[in-house]
Amino acid sequence: MSINDFKNAFYSLGKAKGYAITVVLTLGITLGALVAMFNLNYQLLAAPLPYPHADRLVVAKSERFDKQILVKDRHAPYPAWIESYRQEDTNFEQKALLAYTVSIERRMPDSPVLNTISTTPEFFNMVQAPMKLGRRFEASEALDTMNPVAVISHRAWVKYFQQDPNVLGKTMNIMEIDFKIIGVLAETFVEPELYQRGWETDVWLPMDYDDIPVQFRKNWNNSISSTFWVGLLQKGVDKKTAEQSISSRVTARFKDETVSQPELADASLLIKLVTFSTVIVGDASKQSLLMLAGVLVLLLIATTNVLNLILARTANQQRSMAIQVALGAQQKHIFSAVLAEISTLMLGASLLAVLVALALLELLKIAAEGQLPRLQELHINPATLVFTFLVAAVLATIFAVIISRQINYRQLNKVLQTSGKGVGLQISARIRKLLILSQVALTAVLLAASLHILLQSSRQLTQPVGYHTSDQYQVRFSIATLFGSITEEERRAYITRVIDDLRANPKVLAVGATSMSPISYRNPSSDLLRVDGFGDKKLSAVQTYCDGSYLQVAAIPLVAGRYFTDAEVREHAQVMVVNETLARAIQADGQVLGKKVYRQNDEGSQAIEIVGVLKDLQLPGIIEPPRFFQAHIPQGPELVVRVKTGQQLTPTELNALAAKTHPQLKIFYMKTTAQAIAQLTMPQKTAAGLTAALSLIALGLAAIGIYGVLSYSVQLRRFELGIRIAIGARPNKIFLQILKDNLAPVIIGLLVSLVVLIGLWIWIQQTRYNLQTTSLGWLLPPLLIISLTAATSLLSVWQIIRKPASYVLRGD
Amino acid sequence: MRELTLNMTGITKVYSTEDMDTHALRGIDLEIYKGDFVSICGPSGCGKSTLLSLLGLLDMPTTGKYFIEGKDVSQLNLSEAAFIRNEKIGFIFQSFNLIDELSVFDNVALPLRYRRNKVSEKDIEKKVLECLQIVDMTHRAQHKPNQLSGGQQQRIAIARALVGSPALLLVDEPTGNLDSRNGDAVMEMLQQLNANGTTLCMVTHDPRYADMASRKLHLLDGKIIDTQTLQAAESQQG
């Protein structure tokens, strides 16, 4: 290609602005989406974590077995972590502990809720956390030093201290203790997402100040999912070796510590070491690869569209090419000119793609927050730029080769040999039909898949949850140092007083208390149940304590039996209600009323009678786990407060009410039930939104593509249509002829897409993903495509049938 | 009394662009009677193709009147023009203009399939075979046009033009893409058709073939001129 080729290309494209803009926009947008997805997948699957020796950073994961059978795949025994941390282990360069929680700062205005981690000094060293101000934790803040200092995040420094350069030495009051700020982390610090995606820590405290309750600190059978043991393997140490070493020690200690509990005689633990990247990325790679696949299909559709447009343009340029041939141009000169024009278009598309990718990455950071990891690390890097221009170059070459093969060099001079009385090349119908068929098949598959997912998401988002949502709040109080300084009964008494005061409030209709509602922001706890008459079979179920009012305030309907009463709660009656899923797990027909169960976590537990079966909740995108609700007022409950219609409660109001009971009682979580459910269903909504966008883009591209290929097809047949008109075909006959000819490959394309979709559906049935298809999802895409075909057939043939036949024959 | 097949009076055709108006025809008066064999000659750019397009209702005149078998067809809409073209006119093009994807049989049958009143397949078959017989191409009925020679393709084009029993055959440079042997053969066929009563109007460059017609019209600068005026114009250029 020469400079002259590019000059001619620019000039030529300047005279066909509509065509150039369509190609650049179509490819630019889809290539931009591809680049963004490439970036995301590169980040998740290939880019190393931003920590030194990231491949040696590991997290301990404990599995709980009973008689060699896995009963819990995430069992986090706090004492196991502490002991493993304290013990010398030559397999590790460093070890650290982490305990995640939320805390309330008690002196700042509005008592903000802060994401908090208690940790040992090694953690900051292991990830080489950069500091903006001050220092990290040192040996003086190690375990058992009881040194109340704090390191805060850059975000917290900006939000709560307005980037005060003199923040070091200031204090934060958490759990009634003043912690002196000794350091501020740099903005560039990327916190490893080990606990929850989207979690951003505000303040780090020494491990001595974790808020793990006393009774759980020594309990080897209890799992605290917010605690972690992390380590940096020694260079050259095999992960398996280190894993076996730590696992054998922990297993032996577990046996020693539980020897007095006969129900744990057959229980065992297994420790696995999982790399940081495996924990952080988790199953997100599946999601990101799926998104990449979706975008690749979009790009395929766009590429087919663009190819059709370029073919149509080439058909129009035959005369100009013929003149070049007559003047001595060889095949390579024609190819060079074609490549120059396509390359010019691809350059424009690439530049647009980079901008689109930038915008999409920013959008992804907002929309997928909490759902995909490492989002904050997404940026356009050199690898991404190379990828963009490489894809553009490959596409340009492919287009140019395909176009050149369509140009019959020997036939070009025949174009000039006519007397201008209406001679044109008639091109093979096979190529035309293949283009239409492939366009339709791709579009129909993408459209049908997107539509089914969208319809299912919409159904799930709009169906009743099975939980009362209006005029209701979910509230949780922090009791600060009361947790450690008073007995359980006293804590319960404080909460009971708060509940009574709430019930007396004229705005309030009803209050219920639960250890954790099914729509809670926190990870649920679970327990193992043994059922009378079912031998040694144990079932894992989500455990919830609640008072006699909770289930009725939450309005979770009964399918059998009854709720338990406040009186039964007060008398510590051993009663529970279960959900349908647990009922069916106990007994296939779900008839479990009167059955007695024993709980693993409850030492010396008595038999608990099942008195009711609740309808399963229908939370969008969440498979309802087995659940039981036991009659018991928890000591630090989540309250469900139903207010009278039109009434509202504020945190200030509730803090004032709680302060009457004890000044340390403060709200640290308050949302309306509707907000809590909205937060829970955000991934589903995001997926629905993305799918809707994908469907619309697919349809838009389909419309452009089908119009492009049909108008190209009509253009190729222009002369033939002129002949038909000349011998008496009426305009409507021509339109019907075109429609019939176009529908044939469209129908075949739809049949091909049906085969592909059925294959996809069969594959999905083998996976865990439950996709229900509907007749609308099957019928709407072909109907849309057929309507599109009819409309574009008319549009593309209109230019021919509205003119006298002589214009058509002359090629005007 | 001879039957008037077509009649044009004061026909003009102007092509207008942003920059200028091109007067392709400047007041054409023309009568063609049943059984006539009329040839239209003239230099390049004189308006022959335009006149033929208007005659065949492939285009509409800017001004003037045009009658076919007494019916005013001067300003028909596209649908009505197509009807008349289908039923009254047969077209033979210089480049044959057969449809490559259709067989010879289907190419010839095409005008009948566009008839306003549906023609049965049996009648179509009968008519097509009759016309193929006339041009001596029955044995190639299932071939595709690109399997035939130029002369054979032109004969198929003639058969297609005849299949609808048109009132008028318009012939545009029928021998332009043929060698002299095939050209003679085609002209012979056209003469035979005329002898059998078919009305023909032919545009040609070739004076030999123009002389085969019963009437010769000369076109110059968009007007039909008489022979004397033509000779004077030619001697001025000489």
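Residues numbered from 1 in each chain as written. Chains lettered and ligands numbered in written order. Predicted model: local features only at pLDDT ≥ 70, side-chain atom pairs only at ≥ 80, totals over all residues. Heavy atoms only, no water.

(A) Molecular detail of the nonpolar core. Counting 63 residues, the largest nonpolar core has Leu27(A), Leu40(A), Ile342(A) and Phe399(A) as the members making the most contacts within it. Counting only elements with at least two residues in this core, the list comes to helix 2 (17-46), helix 9 (284-316), helix 11 (331-367), helix 12 (382-406), helix 14 (429-462), helix 22 (682-716), helix 24 (731-766) and helix 25 (775-801) of chain A. Per element, the largest residue contribution to this core is 13 residues, and it comes from helix 2 of chain A. If near-sequence neighbours (up to four positions away) are discounted, Phe399(A) is found in contact with Leu27(A), Thr303(A), Val306(A), Leu307(A), Ile310(A), Ile342(A) and Met346(A). Core analysis: the second largest hydrophobic core is formed by 54 residues, Phe719(A), Ala729(A), Ile738(A) and Ile28(B) among them. (Core = buried A, V, L, I, M, F, W, Y, C linked by side-chain atoms within 4.5 Å. Buried < 20%, exposed > 50% of the residue type's maximum accessible area, 1.4 Å probe, protein only. Helix = DSSP H or I, 4+ residues; strand = E, 2+ residues; numbered from the N terminus. Contact = heavy atoms within 4.5 Å.)

(B) Region of interest: the environment of Asp208(A). Residue and element names in this part refer to chain A. Relative to the helices and strands, Asp208 is located in the loop between strand 9 (203-206) and helix 6 (214-217). Spatially, the C-alpha atom of Asp208 lies 6.2 Å from that of Asp144, the residues being 64 residues apart in sequence. Not counting residues up to four positions away in its chain, the partners in contact with Asp208 are Ala142, Leu143, Asp144, Thr145, Met146 and Asn147. Polar side-chain contacts of Asp208 include one of 2.7 Å to the backbone nitrogen of Asp144. (Polar contact = N/O pair within 3.5 Å; in protein donor to acceptor, adjacent residues only side chain to side chain.)

(C) The arrangement of empty space enclosed by the protein in detail. Residues and elements named next belong to chain B. One pass over the full model with this rule turns up 6 cavities of 30 Å³ or more. Put simply, the largest cavity is a space of about 90 Å³. Only helix 2 (78-88), strand 6 (89-92) and helix 5 (150-162) provide two or more residues apiece to the lining of the largest cavity. For the lining of the largest cavity, the per-class residue count stands at 7 nonpolar, 3 polar and 2 charged. (1 Å grid on protein atoms, 1.4 Å probe; cavity = no way out; pocket = protein on both sides within 12 Å on 5 of 7 lines; lining within 4 Å. Points joined across faces, edges and corners; volume = space filled by probe spheres on them. Nonpolar A, V, L, I, M, F, W, Y, C, P; charged D, E, K, R; others polar.)

(D) Summary view of the packing of aromatic side chains. Residues and elements named next belong to chain A. All chains considered together, the criterion is met by 15 aromatic pairs over all chains. Taken together, a centroid distance of 5.9 Å and an interplanar angle of 55° make the contact between Phe123 and Phe124 tilted. Overall, the relative accessible area of 0% leaves Phe124 in the buried class. The interplanar angle of 65° and the centroid separation of 6.2 Å between the aromatic rings of Phe189 and Trp204 together place this pair among those described as edge-to-face. (Phe/Tyr/Trp six-rings, centres within 6.5 Å; stacked < 30°, edge-to-face > 60°.)

(E) The arrangement of the sheet that holds strand 1 (residues 4-16) of chain B in detail. Residue and element names in this part refer to chain B. Pairing within the open sheet is antiparallel, and its 4 strands lie in the order 2-1-4-5. Both outer strands of the open sheet, strand 2 (21-33) and strand 5 (71-72), are each paired with one neighbouring strand and no more. Across 5 bridges, strand 1 lies against strand 4 (residues 63-68) in antiparallel orientation. Counted as the bridge partner of Asn7 is Phe67 from strand 4. Its contacts with the sheet put helix 1 (residues 48-55) on strand 1, strand 2 and strand 4, and the angle it makes with strand 1 is roughly 125°. (Pairing = 2+ DSSP bridges. Axes fitted to C-alpha atoms, helices over the stretch in contact; angles between N-to-C directions.)

(F) Broad picture of unusual backbone geometry. Residues and elements named next belong to chain B. Within the chain, Leu57 stands out as a residue other than glycine whose phi angle is a positive 60°. Mapped onto the elements, Leu57 comes out in the loop between helix 1 and strand 4. Leu57 sits in the buried class, given a relative accessible area of 3%. Unlike most non-glycine residues, Asp221 shows phi in positive territory, near 50°. Along the chain, the position of Asp221 falls in the loop between strand 9 (215-220) and strand 10 (223-225).

(G) Examining the confidence of the model for chain A more closely. Residue and element names in this part refer to chain A. Taken residue by residue, chain A gives an average pLDDT of 85. The fraction at 70 or more is 93%. Element-level mean pLDDT values for chain A span from 56 in helix 13 (residues 409-417) up to 97 in strand 6 (residues 149-152). In the predicted structure, residues 418-427 sits below a pLDDT of 50 and forms 24 contacts with residues beyond four places in sequence or in another chain. (pLDDT = per-residue confidence, 0-100.)

(H) Spatial organisation of the confidence of the model for chain B. Summarising the model, chain B shows a mean pLDDT of 87, and 95% of its residues fall at 70 or more. Among the scores for the predicted complex, ipTM is 0.77 and pTM is 0.65.

(I) Spatial organisation of the interface of chain B and chain A. Listed per partner, the contact involves 31 residues of chain B and 29 residues of chain A. Between chain B and chain A, the buried area comes to about 2,400 Å², and carbon and sulfur atoms account for 56% of it. Contact with chain A buries surface across chain B, with Leu58(B), Leu78(B) and Tyr114(B) losing the most and accounting together for 26% of the total. Counting across the interface, chain B meets chain A through 0 salt bridges. Linking chain B with chain A are 8 residue pairs in polar contact (both at pLDDT 80 or more). By residue number, the principal contributor to the side of chain B that touches chain A is helix 2 of chain B, which donates 6 residues. Looking at the side of chain B that touches chain A residue by residue, the class counts come to 13 nonpolar, 7 polar and 11 charged. (Buried area = accessible area lost by both parts, 1.4 Å probe. Salt bridge = Lys/Arg side-chain N within 4 Å of Asp/Glu carboxyl O.)

(J) Molecular detail of the side chain of Arg64(A). All names here are of chain A. Locating Arg64 in the fold gives a position in strand 1 (residues 57-66). Overall, Arg64 belongs to the buried group, its relative accessible area being 2%. Among the polar contacts listed, one links the side chain of Arg64 to the side chain of Asn221, at a separation of 3.2 Å.

(K) Highlighting the packing of helix 2 of chain A against helix 11 of chain A. Residue and element names in this part refer to chain A. In the contact formed by helix 2 and helix 11, the axes pass within 6 Å of each other and the chain directions differ by 45°. Relative to helix 11, the element helix 2 is oriented oblique. The chirality of how helix 2 crosses helix 11 is right-handed. (Parallel < 35°, antiparallel > 145°, perpendicular 65-115°, else oblique. Left-handed = near helix turned anticlockwise from the far one by under 90°.)

(L) Structural view of the pattern of salt bridges. All names here are of chain A. Here the structure, examined in full by the defined rule, presents 41 salt bridges over all chains. Its salt-bridge partner being Glu63, residue Lys61 comes within 3.9 Å of it at the nearest N-O pair. For the salt bridge of Arg253 with Glu83, the shortest nitrogen-to-oxygen distance reads 2.6 Å. Of this pair, Arg253 sits in helix 7 (residues 239-257) while Glu83 is found in helix 3 (residues 78-86), placing the two residues 170 residues apart along the sequence.

(M) Geometry of the environment of Pro207(B). Mapped onto the secondary structure, Pro207(B) falls in helix 7 (residues 207-210). Pro207(B) sits 166 residues away from Cys41(B) along the chain, and the two C-alpha atoms are 8.0 Å apart.

(N) Spotlight on the pairing of strand 3 (residues 92-104) of chain A. Residues and elements named next belong to chain A. For strand 3, a buried count of 10 out of 13 residues is recorded, marking the element as mostly surrounded by other parts of the structure. Both strand 3 and strand 4 (residues 113-119) contribute to a ladder of 7 bridges, which runs antiparallel. Bridge pairing in strand 4 places Ala99 opposite Ser118.

(O) Quick peek at the pairing of strand 2 (residues 69-72) of chain A. Residue and element names in this part refer to chain A. Bridging between strand 1 and strand 2 involves 3 bridges; their strand directions are antiparallel. Looking at strand 2, one finds that Phe65 is bridged to Leu70. Between the end of strand 1 and the start of strand 2, which pair antiparallel, lie 2 residues, with Lys67 showing a positive phi angle near 55°.

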